[in-house]
Amino acid sequence: MELGLVGLGKMGGNMRTRLRNAGHTVVGYDRNPDVSDATTLADMVGQLPSPKVVWVMVPAGDPTRDTVKELGDLLGEGDLVVDGGNSKWTDDQVNAELLAAKGVGFVDCGVSGGVWGLKNGYALMCGGSDDNVAKVQPAFDALKPEGEFGFVHAGSAPGAGHFSKMVHNGIEYAIMQAYAEGWELLDKVEMVENVTEVFQSWREGTVIRSWLLDLLVAALEEDAHLDKIAGYAADSGEGRWTVEAAIDNAVAMPAIAASLFARFVSQQDDSPAMKAVAAMRNQFGGHAVRTEAPPGGDASPTG
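Calculation criteria
Residues numbered from 1 in each chain as written. Predicted model: local features only at pLDDT ≥ 70, side-chain atom pairs only at ≥ 80, totals over all residues. Heavy atoms only, no water. Pairing = 2+ DSSP bridges. Helix = DSSP H or I, 4+ residues; strand = E, 2+ residues; numbered from the N terminus. Axes fitted to C-alpha atoms, helices over the stretch in contact; angles between N-to-C directions. Contact = heavy atoms within 4.5 Å. Expected span 1.5 Å × (residues − 1). Buried < 20%, exposed > 50% of the residue type's maximum accessible area, 1.4 Å probe, protein only. Lys, Arg positive; Asp, Glu negative; His and termini not counted. Salt bridge = Lys/Arg side-chain N within 4 Å of Asp/Glu carboxyl O. Polar contact = N/O pair within 3.5 Å; in protein donor to acceptor, adjacent residues only side chain to side chain. Core = buried A, V, L, I, M, F, W, Y, C linked by side-chain atoms within 4.5 Å.

A few words now on the sheet that holds strand β1 (residues 2–6). Note on sheets: strands pair through backbone hydrogen bonds, and any given pair is parallel or antiparallel. A sheet is described by the order of its strands in space; here seven strands give the open sequence β2-β1-β3-β4-β5-β6-β7, paired in mixed fashion. Here the strands that pair on one side only, and so sit at the sheet edges, are β2 (25–29) and β7 (151–155). Across the sheet, the axes of successive neighbouring strands diverge by a mean angle of 25 degrees, strand direction being ignored. Sheet topology note: the strand β6 (residues 123–127)/β7 ladder contains four bridges and is parallel. Residue pairing in the sheet places M125 in a bridge with V152 of β7. Contacting β1, β3 (53–56) and β4 (80–83), helix α3 (residues 62–74) runs over the sheet at an angle of about 170 degrees to β3.

If you check helix α12 (residues 272–285), its first and last C-alpha atoms are 20 Å apart, about what 14 residues at 1.5 Å a residue would give, namely 20 Å. Directly beyond the C-terminal end of α12, a positive phi value near 70 degrees is found at G286.

Our next topic: helix α7 (residues 160–188). Along an α-helix, a turn takes 3.6 residues, which lines up residues three or four apart on a common side. An ideal rise of 1.5 Å per residue puts 42 Å on 29 residues; α7 measures up with 43 Å between its terminal C-alpha atoms. Restricting attention to buried positions, one finds in α7 the residues A160, G161, H162, K165, M166, N169, G170, Y173, A174, Y179, W183 and L186.

Inspection of the secondary structure assignment puts D30 in the loop between β2 and α2 (41–46). The buried charged residue D30 lacks any salt bridge partner; its closest oppositely charged side chain belongs to R31, at an N-O distance of 7.3 Å. Within the local environment of D30, its side chain forms a polar contact with the backbone nitrogen of N32, the two atoms lying 2.8 Å apart. Leave out the neighbours within four places in its chain, and D30 touches G7, L8, G9, V35 and S36.

A word on the nonpolar core. Within the largest apolar cluster, 23 residues are counted, with the highest numbers of intra-cluster contacts made by W55, V82, C109 and F140. Contributions of two or more residues to this core are made by β1, α1 (10–21), β3, β4, β5 (105–112), β6 and α6 (130–143). Ranked by residue count, the leading element in this core is α6, at six residues. Beyond its immediate sequence surroundings of up to four residues, C109 is in contact with W55, V82, D83, G84, G85, L124, M125, C126, F140 and H162. Ranked by size, the runner-up nonpolar core spans 19 residues in total, among them V6, V45, L71 and L99.

This is the structure in C-alpha cells:
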C-alpha cells in the first residue's frame, strides 16, 4: 500500500523503514528536512494516490490536534487518518468527529515497541470501524511482530485503541515499580552477594520472567548498583490517565496508582510531605530531624 507518515522521530523513522522493508511505499513528512520526503504536509498529501491514508506519529496534545486539523483541510471524501501517537482517548473522539464532518475516516492506534520495534515489530492496539481498519491492515501486518499476536482491533469506537494502550502503560508502571523495589531490597542486604545474577536467574522458569526483566538485567550488567543513573523517573501522562479512568469507572487500581505516585516522589529533590512526616515524628517522639529542632521537640543534627 501507499501511505503518508507524519513525524519521523525515533518511532516514526523506524516505522517508515519497517514498512518500506515490507514493500510498502511511504511518503514521510517531518519538520527536519534531512529526513523528510516532502517539503510540507500539503506536499506529502499531494504525493499520495486516492484514497489517501496518512499515519500521524507526533507528540500527543496540541501537536497531534493541530496536525489532524490541517489534514482535515487537505484530505477529502474516503481518505483516512491514523493517529499512532500517545493521544488521550478522549482526543480521538473529538478528532474522529472533526474528520467525519469532512468525509474523512479515522483510526486510533496505540503503538508499543520503542526503539526495538524496527527489529522486533510493534504491538498495535487500534480503534475504529471495520472498514477503516481494513484500509490500514496491510500496514498493521507489516508493523506487527511475527507470529499470532501483537495486533488487536480493540473496538469500533474512536479511542478504543488508545484506551487499551493507556491501560498497557499503566500496567507497565506497576511491573517496573515491583522490579525496582525488589532490586533495591536485594541490593541493600549484605547476604545476597550476586544481585544481578539473581535477576538473571529469573529470566527462565519463573512466573515473573518478562522483557522488562531482560532489560533490567541488561542495565545491571552495565552498572550493578545503578550508580550512574539518577533516581528520577518521569511520568508520560498515560499512568495518570489510567488512574483517572479507574476513578471515573470505580475500578480499584492500588498497584498502578502507587507506582504513579512513586514517580512523583522521584521527581522531588526534597519531598515536602516527608518534611511534614519528619516534623510530626520529631514532635511526638523526639525523633531526629535534619534541621534545628522545632518548639516542643528534640533533634539530632546528624539524624
